[in-house]
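Commentary on secondary and tertiary structure
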Amino acid sequence: MPGTTQQQVFEIIAKQAKVDVANVTPESTLKDLGVASLEAIELIFDIEEHFDIHFPEQQGANFDSDTAQSLVDAVQKALDEKAAEGEGGK
């Protein structure tokens, strides 16, 4: 799935929400897109698996207010931390 982190996350969200990716905007909330709580948990797992990252446990999604962009930001942060750990020879 080529493309930017944002494009990839939006495509995963669209697949989970069963909507066209064009309907996913940075301001879209999971609730707006019709993603229920259980689906959102699955969505988080899909994103973690796709990017081979792990979100901290306390970073539970807030389905009413979390936007698609906030998920992208969380993915980018996790990717940056993973890259930094790799460089640190951990």
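This report concerns the structure included in the present document.

Here is what the cut-offs are and how they apply
- Residues numbered from 1 in each chain as written.
- Predicted model: local features only at pLDDT ≥ 70, side-chain atom pairs only at ≥ 80, totals over all residues.
- Heavy atoms only, no water.
- Helix = DSSP H or I, 4+ residues; strand = E, 2+ residues; numbered from the N terminus.
- Contact = heavy atoms within 4.5 Å.
- Areas by Shrake-Rupley, 256 points an atom, 1.4 Å probe, with all protein chains shown as cover.
- Expected span 1.5 Å × (residues − 1).
- Buried < 20%, exposed > 50% of the residue type's maximum accessible area, 1.4 Å probe, protein only.
- Arc of directions from axis to C-beta.
- Lys, Arg positive; Asp, Glu negative; His and termini not counted.
- Salt bridge = Lys/Arg side-chain N within 4 Å of Asp/Glu carboxyl O.
- Axes fitted to C-alpha atoms, helices over the stretch in contact; angles between N-to-C directions.
- Left-handed = near helix turned anticlockwise from the far one by under 90°.
- Nonpolar A, V, L, I, M, F, W, Y, C, P; charged D, E, K, R; others polar.
- Polar contact = N/O pair within 3.5 Å; in protein donor to acceptor, adjacent residues only side chain to side chain.

When helices and strands are counted, the protein chain shows three helices and zero strands. Put simply, 63% of the contacts in the protein chain that link residues at least 6 apart link residues at least 24 apart. Carbon together with sulfur atoms contributes 51% to the accessible area of the protein chain, which is approximately 5600 Å² in total.

This next bit is on helix H2 (residues 37-51). With 15 residues, H2 should reach 21 Å at 1.5 Å per residue; the first-to-last C-alpha distance of 21 Å fits that figure. What H2 keeps buried is the set Ala40, Leu43, Ile44, Ile47, Glu48 and Phe51. The arc enclosing the buried residues of H2, seen along the axis, measures out at 135°, which places them on a common side. Of the exposed residues in H2, the ones pointing more than 90 degrees away from its buried face are Leu38, Phe45 and Glu49. Residues of H2 that are buried sit in contact with helix H1 (5-17) and helix H3 (68-87).

The next subject is H1. The terminal C-alpha atoms of H1 lie 18 Å apart, and with 13 residues this matches the ideal 18 Å at 1.5 Å per residue to within 8%. The set of residues buried in H1 consists of Thr5, Gln8, Val9, Phe10, Ile12, Ile13, Ala14, Gln16 and Ala17. Against the buried residues of H1 lie H2 and H3. After H1 finishes, the residue Lys18 shows a positive phi value of roughly 55°.

What follows deals with the side chain of Glu48. When you line up the elements, Glu48 lands in helix H2. Although Glu48 lies buried, it forms no salt bridge, and the closest oppositely charged side chain, Lys82, sits 12 Å away as judged by the N-O distance. Dropping the residues within four chain positions of it, Glu48 is found in contact with Ile53, His54 and Phe55.

For any two helices packed against each other, one specifies the crossing angle of their axes together with the interaxial distance. In contact at an axis separation of 10 Å, H1 and H2 are set at 145° when each is read in the N-to-C sense. The chirality of how H1 crosses H2 is right-handed. Taken together, the residues of H2 that come into contact with H1 (itself represented by Thr5, Gln8, Val9, Ile12, Ile13 and Gln16) are Glu39, Glu42, Leu43, Asp46, Ile47, His50 and Phe51. Looking at the contact of H1 with H2 residue by residue, the classes come out as six nonpolar, four polar and three charged.

Within the secondary structure, Thr5 is located in helix H1. Relative accessible area serves as the criterion here: at 16%, Thr5 is assigned to the buried category. One polar contact links Thr5 to Gln76, side chain to side chain, over a distance of 3.1 Å. With sequence-adjacent residues up to four places away left out, Thr5 is seen in contact with Phe51, Val72, Val75, Gln76 and Leu79.

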